[in-house]
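Single-letter residue listing:
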Amino acid sequence: MELLRKLSEAAGIPGREDEVRAIVRGALKGHVDTMEVDRLGNLIAHKKGKGPKVVVAGHMDEIGFLVSHVDEETGFLRIEPVGGFDPRTLIASRVTVHAQGGPLTGLIGTKPIHILTEEEKKKEIRIQDLFVDLGLPGKKVARKVRVGDPVTLVQSFTQVGDLVSGKALDDRLGVYVGIEAMRRVKRHQADVYFVGTVQEEVGLRGARASAFAINPDIGVALDVTLACDMPGVSAHEQVTKLGKGVAIKLKDSASISHPGLVRFLVDLAEKKKIPYQMEILPRGGTDAGAIQLAREGAAVVTLSVPTRYVHSVVEAAHVDDIEAAIKLLTTFLENCHQADLKL
Ligand code: CO
Ligand code: ZN
């Protein structure tokens, strides 16, 4: 889990994934035949085999912000979202502004409740209204911070009961599962590529370019999915439940999983006694959506780690589900040359 901690605490907004990429590269060293970085920043790791050609994708980027305005008088910053945070979860948090001269800690504060009018209390929170306080005079801030500097939320990774919780588990969990499977895979016929993709949160962009280059037969996206097994959500709207195993996705708004792959994964999970659940996600997508449409198309599926509080800094996942995801992916890679992809 030390690797997952490092991945979770690293910063990497879309387009600025370098810190995460360095960790992935270090973790895969010695476990793959080649590693390359393409022009977008995707890390493409290759474990050679006879075929079929399989792409496994986990996105390295996390939702975050760019500095959009520096108030030279007061020193307060304004921020532009890159990916979809729920603004309700942002108030009263610490951020890191990744300035050229080094990281600066900032605060997202708000007017104290004591002075809010009845009307203000009811108003919805909008990201445009938030500001970052660096605790420095305006002139100093103007010297240190530039428009475009990345901003990420601060949150340490921690164990909570049977869960692990932290920021950016979407999708450092997927990256972690991919790395672990690449390390554990023994005999395989498949020609396996693990891609640490970039810019997923702004439209599956890294997956699109890397899948075009690799031209896979099969694509497996690794991502988190909603686990809404919490008070106030009825059973039919929970999507997945924590502790019930890795989720094999049937559909989300970006892809429909290949029925042959779904069948194959379900059979494998049954045979190897790996806990699994089926997933239909009404809104949202994964890299599978882009891989599916690369060139003449690929058979795709997503293996998801059920996660509570997705797109907040207390994202939480069950350690057993993470292990189930690694196991299912590993055995899939060792056996997928036998999958029947006829429709
Ligand atoms: Co996301
Ligand atoms: Zn994701």
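Fair warning: this is a prediction, and the values are worked out from it, not measured in the lab.

Turning next to the coordination of the zinc ion (ligand 2). Of the protein atoms, only His 59 (NE2), Asp 170 (OD), Asp 223 (OD) and Asp 223 (OD) coordinate the zinc ion (ligand 2), at distances of 1.9 to 2.6 Å. Seen from the zinc ion (ligand 2), its four donor atoms lie at angles of 52 to 146°, and the figure they make is irregular. Along the chain, the residues donating to the zinc ion (ligand 2) fall in the pattern H-x110-D-x52-D. A spacing of 3.5 Å is found between the zinc ion (ligand 2) and the cobalt ion (ligand 1), which share Asp 170 as a donor. Note that His 59 is positioned in strand β3 (residues 53–59) and Asp 170 in helix α5 (residues 169–184), a separation of 111 residues in sequence. As far as burial versus exposure is concerned, His 59 and Asp 170 are alike and both buried.

It is a general feature of regular strands that their side chains alternate between the two faces of the sheet. In the sheet, strand β4 (residues 64–70) pairs with strand β5 (residues 77–82) via six bridges, with the strands oriented antiparallel. Looking at β5, one finds that Val 70 is bridged to Leu 77. From the end of β4 to the start of β5, which pair antiparallel, there are six residues, and Gly 75 there has a positive phi angle of about 90°.

Our next topic: the environment of Pro 52. Here Pro 52 shows up in the loop between β2 (43–47) and β3. With 134 residues separating them along the chain, Pro 52 and Lys 186 place their C-alpha atoms 16 Å apart.

Time to look at the nonpolar core. Ranked by internal contacts, the top residues of the largest apolar core, which has 59 residues, are Val 24, Val 220, Ile 322 and Phe 332. For Ile 322, the contacting residues outside a window of four places in its chain are Met 1, Leu 4, Val 164, Leu 173, Tyr 176, Val 177, Val 305 and Ala 317.

Checked against the element boundaries, Arg 172 lands in helix α5. Judged by its relative accessible area of 0%, Arg 172 is buried. Here the side chain of Arg 172 touches Ala 10 through a polar contact of 3.0 Å, landing on its backbone oxygen. Polar side-chain contacts of Arg 172 include one of 2.9 Å to the backbone oxygen of Met 60.

Before going further, it helps to examine the packing of α5 against helix α9 (residues 319–335). Contact geometry of α5 with α9 gives a least axis separation of 9 Å together with a crossing angle of 45°. By the angle between their axes, α5 is oblique relative to α9. Seen along the crossing, α5 lies across α9 with a hand that is right-handed. Within the contact between the two elements, α5 uses Leu 173, Tyr 176, Val 177, Gly 178, Glu 180, Ala 181 and Arg 184 and α9 uses Ile 322, Glu 323, Ala 325, Ile 326, Lys 327, Leu 329, Thr 330 and Glu 334. Looking at the contact of α5 with α9 residue by residue, the class counts come to eight nonpolar, two polar and five charged.

Within the structure shown, the criterion is met by three aromatic pairs. Measuring from ring centre to ring centre gives 5.2 Å for Phe 76 and Phe 131, while their planes differ by 75°; the resulting arrangement is edge-to-face. Separated by 55 residues along the polypeptide, Phe 76 in the loop between β4 and β5 and Phe 131 in the loop between α3 (118–122) and β8 (132–133) bring together distant segments of the chain. Judged by relative accessible area, which is 25%, Phe 131 ranks as partly exposed. Ring centres of Phe 264 and Phe 332 lie 6.0 Å apart, and the angle between their planes is 70°; this geometry places the pair in the edge-to-face category.

Turning next to the domain arrangement of the chain. In terms of domains, the chain is made up of domain 1 (2–62 + 167–338) and domain 2 (64–153). For domain 1 versus domain 2, the distance between C-alpha centres works out to 32 Å. Opposite the 12 residues of domain 1 that make contact, domain 2 presents 15 residues. Summing both partners gives a buried area of about 920 Å² for domain 1 against domain 2, and 70% of it is carried by carbon and sulfur. Considering only the surface of domain 1 that becomes buried against domain 2, Ile 13, His 311 and Val 313 emerge as the three largest contributors, covering 46% of it. Counting the contacts that link domain 1 with domain 2 gives zero salt bridges. Our enumeration of links across domain 1 and domain 2 arrives at one residue pair in polar contact (both at pLDDT 80 or more). For the side of domain 1 that touches domain 2, the residue count by class is five nonpolar, three polar and four charged.

Calculation notes
Residues numbered from 1 in each chain as written. Chains lettered and ligands numbered in written order. Predicted model: local features only at pLDDT ≥ 70, side-chain atom pairs only at ≥ 80, totals over all residues. Heavy atoms only, no water. Donors = N, O, S within 2.8 Å, 3.2 Å for Na, K, Ca; no water. Tetrahedral: all angles 85-135°; square planar, octahedral: opposite > 155°, others 65-115°. Helix = DSSP H or I, 4+ residues; strand = E, 2+ residues; numbered from the N terminus. Buried < 20%, exposed > 50% of the residue type's maximum accessible area, 1.4 Å probe, protein only. Pairing = 2+ DSSP bridges. Core = buried A, V, L, I, M, F, W, Y, C linked by side-chain atoms within 4.5 Å. Contact = heavy atoms within 4.5 Å. Polar contact = N/O pair within 3.5 Å; in protein donor to acceptor, adjacent residues only side chain to side chain. Axes fitted to C-alpha atoms, helices over the stretch in contact; angles between N-to-C directions. Parallel < 35°, antiparallel > 145°, perpendicular 65-115°, else oblique. Left-handed = near helix turned anticlockwise from the far one by under 90°. Nonpolar A, V, L, I, M, F, W, Y, C, P; charged D, E, K, R; others polar. Phe/Tyr/Trp six-rings, centres within 6.5 Å; stacked < 30°, edge-to-face > 60°. Domains from an automatic or database assignment. Buried area = accessible area lost by both parts, 1.4 Å probe. Salt bridge = Lys/Arg side-chain N within 4 Å of Asp/Glu carboxyl O.

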